[in-house]
Amino acid sequence: MSARYQGWMPTRMLRDDAIQPTEYRYWAQAERRFARREKDAKVLAELLATVPREGLREPILLGVDDLDHHVYVSDGHHRAIALRTLGAPKFPFTWCWIRSYRVEHAREPLPYHLLGLPGPATA
């Protein structure tokens, strides 16, 4: 069995019209919520302190809905907001298909064309 695919994505794609947060319609909503909740604010502060020195310890998990082909952050919202705040140029990710009956972790490259990007060799 082969390992999960891991790629790199420009952080600028973490925006409302490209890679959206799963639980929120807009990134600003997630940012406001995390700022208001003590637990989330603490996690975010830790990331803002460690990511510039150490990078991400864990890739962000992107999910591609198999019905409408929208791309979402499935896991890693705090990490995504930290990267956006820090202005990081790119981030590591893994991805999965979000099926109506299961989540299927991918071993092949993300279908970058869904985001209007070239494939992994140049992304």
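Computed from a predicted structure; not experimentally measured.

Enquirer: Is there a simple way to explain the packing of helix 1 (residues 27–36) against helix 3 (residues 77–86) in this structure?
Expert: Two quantities define a packed helix pair, namely the angle between the axes and the distance from one axis to the other. Here helix 1 crosses helix 3 at 100°, and the two axes come no closer than 11 Å. Between helix 1 and helix 3, the angle falls in the class roughly perpendicular. Where helix 1 abuts helix 3, its residues Trp27, Ala30, Glu31 and Phe34 lie against His77, His78, Ala80, Ile81 and Arg84. Partitioned by chemical class, the residues of the contact of helix 1 with helix 3 number five nonpolar, two polar and two charged.

Enquirer: Where do I start with the confidence of the model for the chain in this structure?
Expert: Detailed reading of predicted coordinates is not advised where the pLDDT is low. Residues of the chain with pLDDT of at least 70 account for 95%, and the chain-wide mean is 92. For the chain, per-element mean pLDDT is lowest for strand 6 (residues 103–105), which scores 91, and highest for helix 3, which scores 97.

Enquirer: Sorry, what's going on with helix 1 here?
Expert: The periodicity of an α-helix, 3.6 residues per turn, causes residues three or four places apart in sequence to face the same way. When helix 1 is considered as a whole, its buried residues turn out to be Trp27, Ala30 and Phe34. Taken end-on, helix 1 shows its buried residues confined to a sector of 60°, consistent with a single buried face. With respect to the buried face of helix 1, the exposed residues turned more than 90 degrees away are Ala35 and Arg36. Considering only its buried residues, helix 1 is in contact with strand 2 (19–21), helix 2 (38–54), strand 4 (71–75) and helix 3.

Enquirer: Can you help me understand the packing of aromatic side chains in this one?
Expert: Geometry of an aromatic ring pair is reported as the spacing of the ring centres plus the angle between the planes. Applying the stated criterion across every chain, the model contains five aromatic pairs. Consider the rings of Phe93 and Tyr112, whose centres lie 6.3 Å apart with planes at 70°: the pair is edge-to-face. Linking Phe93 in strand 5 (residues 90–98) with Tyr112 in the segment after strand 6, this pair joins segments that are 19 residues apart in sequence. Phe93 gets classed as buried once you look at its relative accessible area, which sits at 0%. Judged by centre distance (5.3 Å) and plane angle (70°), the ring pair of Trp95 and Trp97 falls under edge-to-face. No difference in accessibility class separates Trp95 from Trp97, as the two residues are buried. In this structure, Lys90 is placed above the aromatic ring of Trp8, and the distance from its NZ or CZ to the ring centre is 5.0 Å.

Enquirer: Mind showing me how you'd approach the side chain of Thr94 here?
Expert: With respect to the element layout, Thr94 can be found in strand 5. Ignoring anything within four residues of it in the chain, the contact list for Thr94 reads Tyr5, Gln6, Pro59, Ile60, Leu61 and Leu62.

Enquirer: Is there a simple way to explain the packing of helix 2 against helix 3 in this structure?
Expert: Their axes nearest at 9 Å, the elements helix 2 and helix 3 cross at an angle of 55°. Viewed along their axes, helix 2 and helix 3 adopt a mutual orientation that is oblique. In this structure, helix 2 crosses over helix 3, and the sense of that crossing is right-handed. Of the residues in helix 3, those in contact with Asp40, Val43, Leu44, Leu47, Leu48, Val51 and Pro52 of helix 2 are His78, Arg79, Ile81, Ala82, Leu83, Thr85 and Leu86.

Rules of the game
- Residues numbered from 1 in each chain as written.
- Predicted model: local features only at pLDDT ≥ 70, side-chain atom pairs only at ≥ 80, totals over all residues.
- Heavy atoms only, no water.
- Axes fitted to C-alpha atoms, helices over the stretch in contact; angles between N-to-C directions.
- Helix = DSSP H or I, 4+ residues; strand = E, 2+ residues; numbered from the N terminus.
- Parallel < 35°, antiparallel > 145°, perpendicular 65-115°, else oblique.
- Contact = heavy atoms within 4.5 Å.
- Nonpolar A, V, L, I, M, F, W, Y, C, P; charged D, E, K, R; others polar.
- pLDDT = per-residue confidence, 0-100.
- Buried < 20%, exposed > 50% of the residue type's maximum accessible area, 1.4 Å probe, protein only.
- Arc of directions from axis to C-beta.
- Phe/Tyr/Trp six-rings, centres within 6.5 Å; stacked < 30°, edge-to-face > 60°.
- Lys NZ or Arg CZ within 6 Å of the ring centre and 35° of its normal.
- Left-handed = near helix turned anticlockwise from the far one by under 90°.

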